[in-house]
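Each chain, letter by letter, is given below.
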Amino acid sequence: MRQHTLSTAQQWDREDKLATYRDEFYILENTIYMDGNSLGLLSKRAERTLLQLLDAWKTLGIDGWTEGEHPWFYLSEEVGKKMAPLVGGNENEVIATGSTTTNLHQLVATFYKPMGNKTKILADELNFPSDIYALKSQLQLKGYEPDEHLIRVASPDGRYLREDDIIAAMTEEVALIVLPAVLYRSGQVLDMEKLTKAANERNIPIGFDLCHSVGSVEHELHDWGVDFAFWCTYKHLNGGPGSVGGLFIHEKQFGKAPGLAGWFGSKKASQFDMAHTMDAATDVGAYQIGTPHVLSLAPVIGSLEMFEEIGIEAIREKSLKLTNFMLALVEQELAGAGFTIGNPVDESRGGHLLLEHAEAARICKALKQDGVIPDFRAPNGIRLAPVALYNTFEDVWYTVQKLKVIMDEKRYEQFENKRGVVA
Ligand SMILES: Cc1ncc(COP(=O)(O)O)c(C=O)c1O
Ligand SMILES: Nc1ccccc1C(=O)C[C@H](N)C(=O)O
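Cut-off values and rules
- Residues numbered from 1 in each chain as written.
- Chains lettered and ligands numbered in written order.
- Predicted model: local features only at pLDDT ≥ 70, side-chain atom pairs only at ≥ 80, totals over all residues.
- Heavy atoms only, no water.
- Phe/Tyr/Trp six-rings, centres within 6.5 Å; stacked < 30°, edge-to-face > 60°.
- Helix = DSSP H or I, 4+ residues; strand = E, 2+ residues; numbered from the N terminus.
- Buried < 20%, exposed > 50% of the residue type's maximum accessible area, 1.4 Å probe, protein only.
- Near = heavy atom within 4 Å.
- Polar contact = N/O pair within 3.5 Å; in protein donor to acceptor, adjacent residues only side chain to side chain.
- Areas by Shrake-Rupley, 256 points an atom, 1.4 Å probe, with all protein chains shown as cover.
- Nonpolar A, V, L, I, M, F, W, Y, C, P; charged D, E, K, R; others polar.
- Axes fitted to C-alpha atoms, helices over the stretch in contact; angles between N-to-C directions.
- Parallel < 35°, antiparallel > 145°, perpendicular 65-115°, else oblique.
- Left-handed = near helix turned anticlockwise from the far one by under 90°.
- Contact = heavy atoms within 4.5 Å.
- Pairing = 2+ DSSP bridges.

A. Representation of the packing of aromatic side chains. Here the structure, examined in full by the defined rule, presents 15 aromatic pairs. An angle of 70° between the planes, with centres 5.1 Å apart, marks the rings of Trp 12 and Phe 325 as edge-to-face. Placement of the pair is Trp 12 in helix α1 (residues 6-15) and Phe 325 in helix α12 (residues 312-333), with a sequence separation of 313 residues. Owing to a relative accessible area of 2%, Phe 325 belongs among the buried residues under this scheme. Ring geometry for Phe 25 versus Tyr 390: centroids 4.9 Å apart, planes at 55°, classification tilted. Residue Phe 25 is located in the loop between α1 and β1 (32-33), and its partner Tyr 390 is located in the loop between β13 (381-384) and α14 (393-408); the two are separated by 365 residues in the primary sequence. On the basis of relative accessibility, which here comes to 3%, the residue Phe 25 falls in the buried class.

Given below as C-alpha coordinates:
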(Lines give C-alpha, C1' and ligand atoms only; values in the text may rest on other atoms or scores of the structure.)
(Ligands and ions follow the chains in the order given, each with its own letter.)
Protein backbone atom coordinates (compact mmCIF):
# COMPACT_ATOMS: atom_id res chain seq x y z
CA MET A 1 0.00 0.00 0.00
CA ARG A 2 1.12 3.52 -0.78
CA GLN A 3 2.82 5.21 2.19
CA HIS A 4 1.20 8.55 3.01
CA THR A 5 3.18 11.49 4.35
CA LEU A 6 2.48 15.05 5.41
CA SER A 7 3.30 16.12 1.88
CA THR A 8 0.48 13.91 0.53
CA ALA A 9 -1.88 15.94 2.70
CA GLN A 10 -0.35 19.24 1.61
CA GLN A 11 -0.55 18.26 -2.04
CA TRP A 12 -4.25 17.37 -1.71
CA ASP A 13 -4.92 20.63 0.11
CA ARG A 14 -3.35 22.53 -2.78
CA GLU A 15 -5.53 20.66 -5.25
CA ASP A 16 -8.70 21.02 -3.18
CA LYS A 17 -11.34 23.02 -5.06
CA LEU A 18 -13.23 23.71 -1.83
CA ALA A 19 -10.18 24.96 0.07
CA THR A 20 -11.28 28.60 0.05
CA TYR A 21 -14.41 27.80 2.05
CA ARG A 22 -12.30 27.24 5.16
CA ASP A 23 -11.79 31.02 5.33
CA GLU A 24 -15.55 31.43 5.52
CA PHE A 25 -15.61 29.77 8.93
CA TYR A 26 -14.52 30.72 12.40
CA ILE A 27 -11.89 28.06 12.91
CA LEU A 28 -11.20 27.56 16.62
CA GLU A 29 -7.74 28.81 17.48
CA ASN A 30 -5.01 26.16 17.76
CA THR A 31 -7.64 23.50 17.34
CA ILE A 32 -8.42 20.76 14.86
CA TYR A 33 -12.19 20.46 14.93
CA MET A 34 -13.40 16.94 14.15
CA ASP A 35 -16.88 17.19 15.65
CA GLY A 36 -18.92 18.68 12.81
CA ASN A 37 -21.22 15.66 13.05
CA SER A 38 -22.44 16.86 16.46
CA LEU A 39 -22.20 20.62 15.99
CA GLY A 40 -20.81 22.24 12.86
CA LEU A 41 -18.75 25.43 13.15
CA LEU A 42 -20.05 28.96 12.69
CA SER A 43 -19.56 30.49 9.27
CA LYS A 44 -19.38 34.20 8.55
CA ARG A 45 -22.40 33.89 6.28
CA ALA A 46 -24.45 32.25 9.04
CA GLU A 47 -23.40 35.00 11.40
CA ARG A 48 -24.33 37.62 8.80
CA THR A 49 -27.89 36.33 8.32
CA LEU A 50 -28.39 35.96 12.07
CA LEU A 51 -27.37 39.61 12.53
CA GLN A 52 -29.59 40.64 9.61
CA LEU A 53 -32.60 39.10 11.27
CA LEU A 54 -31.78 40.63 14.62
CA ASP A 55 -31.53 43.94 12.84
CA ALA A 56 -34.93 43.40 11.24
CA TRP A 57 -36.37 42.94 14.71
CA LYS A 58 -34.51 46.04 15.89
CA THR A 59 -35.66 48.27 13.04
CA LEU A 60 -38.99 46.83 11.93
CA GLY A 61 -40.64 45.34 15.00
CA ILE A 62 -43.83 43.46 14.05
CA ASP A 63 -43.39 44.41 10.39
CA GLY A 64 -40.39 42.09 10.25
CA TRP A 65 -42.92 39.33 9.56
CA THR A 66 -43.60 40.72 6.10
CA GLU A 67 -40.78 43.16 5.38
CA GLY A 68 -37.01 43.28 5.34
CA GLU A 69 -34.59 41.07 3.45
CA HIS A 70 -35.98 37.82 4.83
CA PRO A 71 -39.63 38.32 5.90
CA TRP A 72 -40.16 35.94 8.79
CA PHE A 73 -43.62 34.81 7.71
CA TYR A 74 -42.24 33.04 4.62
CA LEU A 75 -38.89 31.99 6.01
CA SER A 76 -39.67 28.36 6.83
CA GLU A 77 -40.80 27.76 3.26
CA GLU A 78 -37.88 29.72 1.80
CA VAL A 79 -35.29 27.78 3.78
CA GLY A 80 -37.13 24.55 2.91
CA LYS A 81 -36.72 25.33 -0.80
CA LYS A 82 -33.00 25.82 -0.28
CA MET A 83 -32.69 22.49 1.52
CA ALA A 84 -34.69 20.61 -1.13
CA PRO A 85 -31.71 19.81 -3.40
CA LEU A 86 -29.83 18.37 -0.42
CA VAL A 87 -32.49 15.74 0.14
CA GLY A 88 -33.71 15.31 -3.44
CA GLY A 89 -37.13 16.77 -2.72
CA ASN A 90 -39.32 19.12 -4.74
CA GLU A 91 -39.44 22.66 -3.38
CA ASN A 92 -42.93 22.24 -1.93
CA GLU A 93 -41.97 18.94 -0.25
CA VAL A 94 -39.40 20.40 2.17
CA ILE A 95 -39.77 22.85 5.05
CA ALA A 96 -37.60 24.15 7.87
CA THR A 97 -39.53 23.67 11.07
CA GLY A 98 -39.41 22.19 14.55
CA SER A 99 -36.60 19.95 15.69
CA THR A 100 -35.66 16.39 14.87
CA THR A 101 -37.60 14.86 17.71
CA THR A 102 -40.65 17.14 17.50
CA ASN A 103 -40.84 16.58 13.75
CA LEU A 104 -40.71 12.83 14.31
CA HIS A 105 -43.61 13.19 16.75
CA GLN A 106 -45.55 15.12 14.13
CA LEU A 107 -44.80 12.53 11.45
CA VAL A 108 -45.72 9.52 13.56
CA ALA A 109 -48.87 11.29 14.73
CA THR A 110 -49.70 11.74 11.04
CA PHE A 111 -48.58 8.49 9.43
CA TYR A 112 -49.10 5.88 12.13
CA LYS A 113 -52.64 4.59 11.55
CA PRO A 114 -52.91 1.24 13.32
CA MET A 115 -55.77 -0.95 12.12
CA GLY A 116 -56.75 -4.50 13.06
CA ASN A 117 -53.55 -6.54 13.28
CA LYS A 118 -51.52 -3.86 11.57
CA THR A 119 -50.30 -2.08 14.70
CA LYS A 120 -46.53 -2.30 14.81
CA ILE A 121 -43.84 0.28 14.19
CA LEU A 122 -40.65 -1.03 12.63
CA ALA A 123 -37.36 0.56 13.73
CA ASP A 124 -33.90 -0.79 14.55
CA GLU A 125 -31.83 -1.40 17.63
CA LEU A 126 -29.06 1.02 16.64
CA ASN A 127 -31.11 4.16 16.18
CA PHE A 128 -30.55 7.29 18.21
CA PRO A 129 -32.31 7.04 21.60
CA SER A 130 -34.52 10.10 21.09
CA ASP A 131 -36.19 8.48 18.07
CA ILE A 132 -36.89 5.34 20.05
CA TYR A 133 -38.32 7.36 22.96
CA ALA A 134 -40.57 9.25 20.55
CA LEU A 135 -41.80 6.05 18.88
CA LYS A 136 -42.52 4.39 22.21
CA SER A 137 -44.43 7.38 23.50
CA GLN A 138 -46.50 7.55 20.31
CA LEU A 139 -47.40 3.88 20.74
CA GLN A 140 -48.38 4.57 24.31
CA LEU A 141 -50.58 7.48 23.25
CA LYS A 142 -52.50 5.07 21.04
CA GLY A 143 -52.85 2.60 23.90
CA TYR A 144 -50.28 0.06 22.70
CA GLU A 145 -47.61 -1.57 24.82
CA PRO A 146 -44.30 -0.27 23.36
CA ASP A 147 -42.34 -3.42 24.13
CA GLU A 148 -44.77 -5.46 22.13
CA HIS A 149 -45.50 -3.06 19.30
CA LEU A 150 -42.11 -1.52 18.58
CA ILE A 151 -40.03 -3.90 16.49
CA ARG A 152 -36.34 -3.09 16.61
CA VAL A 153 -34.44 -4.97 13.91
CA ALA A 154 -31.32 -6.51 15.42
CA SER A 155 -27.82 -5.75 14.26
CA PRO A 156 -25.65 -8.85 13.75
CA ASP A 157 -22.57 -7.13 15.22
CA GLY A 158 -23.71 -4.06 17.13
CA ARG A 159 -22.43 -1.80 14.35
CA TYR A 160 -24.33 -2.34 11.16
CA LEU A 161 -27.79 -3.23 9.95
CA ARG A 162 -28.59 -5.54 7.07
CA GLU A 163 -31.17 -4.19 4.67
CA ASP A 164 -32.43 -7.72 4.02
CA ASP A 165 -33.13 -8.21 7.74
CA ILE A 166 -35.12 -4.99 7.75
CA ILE A 167 -37.07 -6.02 4.67
CA ALA A 168 -37.77 -9.44 6.20
CA ALA A 169 -39.30 -7.62 9.18
CA MET A 170 -41.74 -5.67 6.96
CA THR A 171 -44.62 -8.01 7.71
CA GLU A 172 -48.40 -7.62 7.54
CA GLU A 173 -48.35 -6.38 11.13
CA VAL A 174 -46.23 -3.32 10.38
CA ALA A 175 -48.08 -0.01 10.11
CA LEU A 176 -45.07 2.34 9.92
CA ILE A 177 -41.30 2.21 9.33
CA VAL A 178 -38.81 4.73 10.76
CA LEU A 179 -35.08 4.26 10.12
CA PRO A 180 -31.88 6.31 10.17
CA ALA A 181 -30.26 7.24 6.85
CA VAL A 182 -26.75 7.25 8.35
CA LEU A 183 -26.23 5.48 11.66
CA TYR A 184 -25.05 7.89 14.33
CA ARG A 185 -22.34 5.59 15.64
CA SER A 186 -20.97 3.49 12.81
CA GLY A 187 -21.76 5.98 10.05
CA GLN A 188 -23.28 3.21 7.87
CA VAL A 189 -25.49 4.61 5.09
CA LEU A 190 -28.57 2.46 4.68
CA ASP A 191 -29.73 1.71 1.15
CA MET A 192 -32.74 4.00 1.35
CA GLU A 193 -33.81 3.28 -2.21
CA LYS A 194 -33.95 -0.46 -1.68
CA LEU A 195 -35.73 -0.17 1.68
CA THR A 196 -38.24 2.31 0.30
CA LYS A 197 -39.02 0.12 -2.68
CA ALA A 198 -39.73 -2.81 -0.37
CA ALA A 199 -41.90 -0.66 1.92
CA ASN A 200 -43.82 0.86 -1.01
CA GLU A 201 -44.50 -2.62 -2.41
CA ARG A 202 -46.03 -3.58 0.92
CA ASN A 203 -47.93 -0.32 1.26
CA ILE A 204 -46.21 0.58 4.52
CA PRO A 205 -45.32 4.26 4.99
CA ILE A 206 -41.56 4.68 5.43
CA GLY A 207 -39.57 7.61 6.78
CA PHE A 208 -35.91 8.37 7.47
CA ASP A 209 -33.99 10.33 10.08
CA LEU A 210 -31.43 12.31 8.05
CA CYS A 211 -29.59 13.95 10.98
CA HIS A 212 -26.24 12.45 10.03
CA SER A 213 -26.74 12.37 6.29
CA VAL A 214 -28.10 15.79 5.35
CA GLY A 215 -25.33 18.01 4.06
CA SER A 216 -22.94 15.10 3.91
CA VAL A 217 -24.40 12.54 1.50
CA GLU A 218 -26.74 12.73 -1.49
CA HIS A 219 -30.41 11.76 -1.30
CA GLU A 220 -33.14 11.31 -3.89
CA LEU A 221 -36.10 11.15 -1.53
CA HIS A 222 -38.70 12.12 -4.10
CA ASP A 223 -37.54 9.74 -6.80
CA TRP A 224 -37.10 6.90 -4.35
CA GLY A 225 -40.69 7.38 -3.17
CA VAL A 226 -39.80 7.95 0.50
CA ASP A 227 -42.96 9.03 2.34
CA PHE A 228 -41.34 11.37 4.87
CA ALA A 229 -38.04 12.42 6.41
CA PHE A 230 -36.81 14.68 9.19
CA TRP A 231 -33.44 16.09 10.24
CA CYS A 232 -31.51 18.65 12.23
CA THR A 233 -29.49 21.52 10.77
CA TYR A 234 -26.86 21.91 13.47
CA LYS A 235 -24.49 19.12 12.37
CA HIS A 236 -23.32 19.04 8.74
CA LEU A 237 -25.49 22.05 7.81
CA ASN A 238 -23.73 24.26 10.38
CA GLY A 239 -26.89 26.05 11.52
CA GLY A 240 -25.78 26.50 15.15
CA PRO A 241 -26.81 25.00 18.48
CA GLY A 242 -30.53 24.26 18.49
CA SER A 243 -31.07 25.49 14.92
CA VAL A 244 -34.44 24.70 13.35
CA GLY A 245 -34.93 21.23 11.87
CA GLY A 246 -36.09 20.02 8.47
CA LEU A 247 -39.02 17.98 7.28
CA PHE A 248 -39.86 16.30 3.95
CA ILE A 249 -43.25 14.98 2.90
CA HIS A 250 -43.58 13.27 -0.48
CA GLU A 251 -46.22 14.95 -2.61
CA LYS A 252 -48.05 11.63 -2.92
CA GLN A 253 -48.95 12.17 0.75
CA PHE A 254 -50.15 15.77 0.42
CA GLY A 255 -53.62 16.32 1.79
CA LYS A 256 -53.16 14.03 4.78
CA ALA A 257 -54.30 15.89 7.87
CA PRO A 258 -51.36 16.65 10.18
CA GLY A 259 -51.51 14.59 13.36
CA LEU A 260 -50.51 17.62 15.40
CA ALA A 261 -52.23 20.70 14.06
CA GLY A 262 -51.39 24.33 14.69
CA TRP A 263 -52.06 27.63 12.97
CA PHE A 264 -48.71 27.88 11.15
CA GLY A 265 -49.83 24.83 9.16
CA SER A 266 -52.54 26.98 7.58
CA LYS A 267 -52.50 28.39 4.07
CA LYS A 268 -50.61 31.66 4.32
CA ALA A 269 -53.48 33.64 2.83
CA SER A 270 -56.07 32.44 5.34
CA GLN A 271 -53.97 32.00 8.51
CA PHE A 272 -54.85 35.43 9.83
CA ASP A 273 -58.58 35.03 9.16
CA MET A 274 -58.54 33.45 12.62
CA ALA A 275 -61.23 30.88 11.78
CA HIS A 276 -61.68 27.92 14.11
CA THR A 277 -61.71 25.52 11.16
CA MET A 278 -58.18 25.08 9.91
CA ASP A 279 -57.58 25.77 6.24
CA ALA A 280 -54.43 23.64 5.99
CA ALA A 281 -51.67 24.30 3.46
CA THR A 282 -51.84 21.85 0.57
CA ASP A 283 -48.17 20.93 0.69
CA VAL A 284 -45.47 20.23 3.31
CA GLY A 285 -46.35 23.55 4.97
CA ALA A 286 -49.33 21.84 6.62
CA TYR A 287 -47.02 20.06 9.06
CA GLN A 288 -45.81 23.20 10.81
CA ILE A 289 -47.31 23.79 14.20
CA GLY A 290 -46.63 27.18 15.78
CA THR A 291 -44.59 30.33 15.29
CA PRO A 292 -41.20 29.51 13.76
CA HIS A 293 -38.08 29.97 15.89
CA VAL A 294 -36.90 32.73 13.63
CA LEU A 295 -33.60 33.49 15.34
CA SER A 296 -32.67 29.80 15.30
CA LEU A 297 -33.49 29.65 11.62
CA ALA A 298 -31.56 32.77 10.70
CA PRO A 299 -28.03 31.27 10.58
CA VAL A 300 -29.26 28.42 8.39
CA ILE A 301 -30.07 30.91 5.59
CA GLY A 302 -26.46 32.02 5.28
CA SER A 303 -25.03 28.59 5.76
CA LEU A 304 -27.12 27.07 2.99
CA GLU A 305 -25.75 29.59 0.47
CA MET A 306 -22.52 27.63 0.51
CA PHE A 307 -24.24 24.32 -0.12
CA GLU A 308 -26.12 25.92 -2.99
CA GLU A 309 -22.89 27.26 -4.51
CA ILE A 310 -20.89 24.06 -4.19
CA GLY A 311 -23.52 21.36 -4.64
CA ILE A 312 -23.73 18.25 -2.53
CA GLU A 313 -21.86 16.08 -5.06
CA ALA A 314 -18.61 18.03 -4.64
CA ILE A 315 -19.06 18.03 -0.86
CA ARG A 316 -19.57 14.28 -0.79
CA GLU A 317 -16.56 13.76 -3.04
CA LYS A 318 -14.24 15.69 -0.73
CA SER A 319 -15.78 14.16 2.39
CA LEU A 320 -15.05 10.66 1.12
CA LYS A 321 -11.52 11.62 0.17
CA LEU A 322 -10.97 13.01 3.69
CA THR A 323 -12.34 9.94 5.46
CA ASN A 324 -10.53 7.58 3.07
CA PHE A 325 -7.31 9.42 3.89
CA MET A 326 -7.99 9.18 7.61
CA LEU A 327 -8.71 5.46 7.33
CA ALA A 328 -5.50 4.87 5.41
CA LEU A 329 -3.54 6.80 8.05
CA VAL A 330 -5.16 4.89 10.90
CA GLU A 331 -4.04 1.69 9.23
CA GLN A 332 -0.56 3.03 8.50
CA GLU A 333 0.16 4.78 11.81
CA LEU A 334 -1.97 3.10 14.44
CA ALA A 335 -1.64 -0.60 13.73
CA GLY A 336 -1.17 -2.40 17.04
CA ALA A 337 -2.67 0.45 19.11
CA GLY A 338 -5.82 -1.57 19.81
CA PHE A 339 -8.30 0.30 17.62
CA THR A 340 -11.10 -1.42 15.75
CA ILE A 341 -12.56 0.40 12.79
CA GLY A 342 -16.27 0.66 13.58
CA ASN A 343 -17.42 2.17 10.28
CA PRO A 344 -17.78 0.73 6.78
CA VAL A 345 -14.43 0.89 5.00
CA ASP A 346 -16.13 1.01 1.65
CA GLU A 347 -18.09 4.06 0.63
CA SER A 348 -21.33 3.02 2.31
CA ARG A 349 -20.52 5.43 5.12
CA GLY A 350 -21.49 9.03 5.84
CA GLY A 351 -19.20 11.86 6.88
CA HIS A 352 -17.67 10.47 10.04
CA LEU A 353 -15.52 7.58 11.21
CA LEU A 354 -15.83 5.53 14.36
CA LEU A 355 -12.75 4.17 16.08
CA GLU A 356 -13.51 1.74 18.85
CA HIS A 357 -11.16 1.26 21.79
CA ALA A 358 -11.60 0.08 25.37
CA GLU A 359 -9.95 3.33 26.54
CA ALA A 360 -11.98 5.53 24.17
CA ALA A 361 -13.33 7.96 26.80
CA ARG A 362 -9.92 8.93 28.04
CA ILE A 363 -8.32 8.88 24.61
CA CYS A 364 -10.88 11.54 23.68
CA LYS A 365 -9.84 13.59 26.70
CA ALA A 366 -6.19 13.31 25.71
CA LEU A 367 -7.06 14.35 22.13
CA LYS A 368 -8.87 17.42 23.44
CA GLN A 369 -5.90 18.33 25.59
CA ASP A 370 -3.81 18.17 22.41
CA GLY A 371 -6.20 20.44 20.52
CA VAL A 372 -8.19 17.85 18.55
CA ILE A 373 -11.96 17.83 19.12
CA PRO A 374 -13.55 14.40 18.59
CA ASP A 375 -16.65 13.12 20.30
CA PHE A 376 -17.00 10.13 22.50
CA ARG A 377 -19.98 7.83 22.24
CA ALA A 378 -20.45 5.29 25.00
CA PRO A 379 -19.33 2.69 25.56
CA ASN A 380 -16.18 2.68 23.42
CA GLY A 381 -16.52 4.92 20.37
CA ILE A 382 -14.42 7.84 19.14
CA ARG A 383 -16.20 9.67 16.35
CA LEU A 384 -14.12 11.79 14.00
CA ALA A 385 -15.70 13.90 11.30
CA PRO A 386 -13.41 15.76 8.91
CA VAL A 387 -15.84 18.19 7.29
CA ALA A 388 -15.51 19.03 3.59
CA LEU A 389 -16.29 22.72 4.01
CA TYR A 390 -13.67 23.56 6.59
CA ASN A 391 -11.28 20.71 7.38
CA THR A 392 -8.05 20.15 5.52
CA PHE A 393 -6.11 17.02 4.65
CA GLU A 394 -3.44 18.42 6.90
CA ASP A 395 -5.97 18.44 9.76
CA VAL A 396 -6.50 14.75 9.13
CA TRP A 397 -2.77 14.08 9.08
CA TYR A 398 -2.18 15.86 12.40
CA THR A 399 -5.20 14.26 14.04
CA VAL A 400 -3.77 10.81 13.40
CA GLN A 401 -0.26 11.90 14.35
CA LYS A 402 -1.48 13.26 17.67
CA LEU A 403 -3.44 10.09 18.27
CA LYS A 404 -0.31 8.09 17.55
CA VAL A 405 1.69 9.98 20.19
CA ILE A 406 -1.13 9.63 22.71
CA MET A 407 -1.17 5.87 22.14
CA ASP A 408 2.62 5.39 21.94
CA GLU A 409 3.20 7.33 25.14
CA LYS A 410 -0.01 6.12 26.82
CA ARG A 411 -0.82 9.76 27.52
CA TYR A 412 -4.48 8.87 27.96
CA GLU A 413 -3.60 7.18 31.26
CA GLN A 414 -3.54 10.54 33.04
CA PHE A 415 -7.33 10.78 32.56
CA GLU A 416 -10.22 8.83 34.00
CA ASN A 417 -11.87 6.51 31.46
CA LYS A 418 -15.26 8.14 31.93
CA ARG A 419 -17.27 10.26 29.56
CA GLY A 420 -17.74 14.02 29.87
CA VAL A 421 -21.23 15.51 30.08
CA VAL A 422 -22.04 15.66 26.36
CA ALA A 423 -19.08 14.25 24.46
C1 LIG B 1 -29.93 10.48 14.50
C2 LIG B 1 -30.44 11.49 15.49
N3 LIG B 1 -31.76 11.55 15.73
C4 LIG B 1 -32.25 12.43 16.62
C5 LIG B 1 -31.44 13.30 17.30
C6 LIG B 1 -32.09 14.23 18.28
O7 LIG B 1 -32.24 15.47 17.71
P8 LIG B 1 -32.92 16.70 18.46
O9 LIG B 1 -32.30 16.79 19.80
O10 LIG B 1 -32.54 17.85 17.59
O11 LIG B 1 -34.36 16.48 18.51
C12 LIG B 1 -30.05 13.28 17.06
C13 LIG B 1 -29.09 14.16 17.75
O14 LIG B 1 -29.30 14.84 18.67
C15 LIG B 1 -29.56 12.32 16.14
O16 LIG B 1 -28.25 12.23 15.90
N1 LIG C 1 -28.03 17.79 20.00
C2 LIG C 1 -26.93 17.71 20.78
C3 LIG C 1 -26.79 18.54 21.88
C4 LIG C 1 -25.68 18.48 22.68
C5 LIG C 1 -24.67 17.60 22.36
C6 LIG C 1 -24.77 16.76 21.28
C7 LIG C 1 -25.91 16.80 20.50
C8 LIG C 1 -26.07 15.90 19.37
O9 LIG C 1 -26.72 16.26 18.43
C10 LIG C 1 -25.45 14.58 19.41
C11 LIG C 1 -25.75 13.80 18.18
N12 LIG C 1 -27.15 13.62 17.95
C13 LIG C 1 -25.10 12.44 18.16
O14 LIG C 1 -25.16 11.81 17.14
O15 LIG C 1 -24.52 12.00 19.12
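Text resumes after the structure shown.
B. Structural view of the site of ligand 2. In the neighbourhood of ligand 2, the contacting residues comprise Ser 38, Phe 128, Tyr 184, His 212, Tyr 234, Lys 235, Arg 377 and Arg 383. Within the side chain of Arg 377, a nitrogen or oxygen atom sits 2.7 Å from an oxygen atom of ligand 2. In this structure, Arg 383 approaches ligand 2 through a side-chain N or O atom, which is 2.9 Å from an oxygen atom. For ligand 2, whose unbound accessible area comes to 370 Å², protein coverage reaches 68%. Here the shell around ligand 2 is built from residues that sort into 3 nonpolar, 2 polar and 3 charged.

C. Examining the packing of helix α13 (residues 360-369) against α14 more closely. Closest axis-to-axis distance for the α13/α14 pair is 10 Å, and the angle between their directions is 120°. Considering their axes alone, α13 and α14 lie oblique with respect to each other. Our pair here, α13 against α14, has a crossing hand that is right-handed. Residues Ile 363, Ala 366 and Leu 367 of α13 touch α14, and the partners they reach there are Thr 399, Leu 403, Ile 406 and Met 407. Of the residues that constitute the contact of α13 with α14, the class distribution is 6 nonpolar, 1 polar and no charged.

D. Representation of the sheet that holds β13 within the structure. Spatially, the 4 strands line up as an open sheet ordered β9-β10-β13-β12, and their pairing is antiparallel. With one partner strand each, in any of the chains shown, β9 (340-341) and β12 (375-377) form the two edges of the open sheet. Here β12 pairs with β13 via 3 bridges, running antiparallel. Bridging from a neighbouring strand, Phe 376 pairs with Ile 382 of β13. Each of β12 and β13 touches α13; the most contacted strand, β13, lies at about 40° to it.

E. Just the site of ligand 1, in detail. If you check the shell around ligand 1, you find Ser 99, Thr 100, Thr 101, Phe 128, Asp 131, Asp 209, Cys 211, His 212, Tyr 234 and Lys 235 and nothing else. A distance of 2.7 Å separates an oxygen atom of ligand 1 from a polar atom in the side chain of Tyr 234. For ligand 1, whose unbound accessible area comes to 390 Å², protein coverage reaches 83%.

F. Structural context of the sheet that holds strand β5 (residues 174-180). Read from one edge to the other, the open sheet built from 7 strands follows the order β2-β8-β7-β6-β5-β3-β4, with strand pairing classed as mixed. Looking at the sheet topology across the chains shown, the edges are occupied by β2 (94-96) and β4 (150-153). On average, adjacent strands in this sheet sit at an angle of 20° to one another, irrespective of strand direction. Bridge analysis of strand β6 (residues 206-209) against strand β7 (residues 228-231) gives 3 bridges, and the strand direction is parallel. Within β7, the residue paired with Phe 208 across the bridge is Ala 229. Strands in contact with helix α3 (residues 75-87) are β2, β7 and β8 (246-249); relative to β2, the strand with the most contacts, it is inclined by about 125°.

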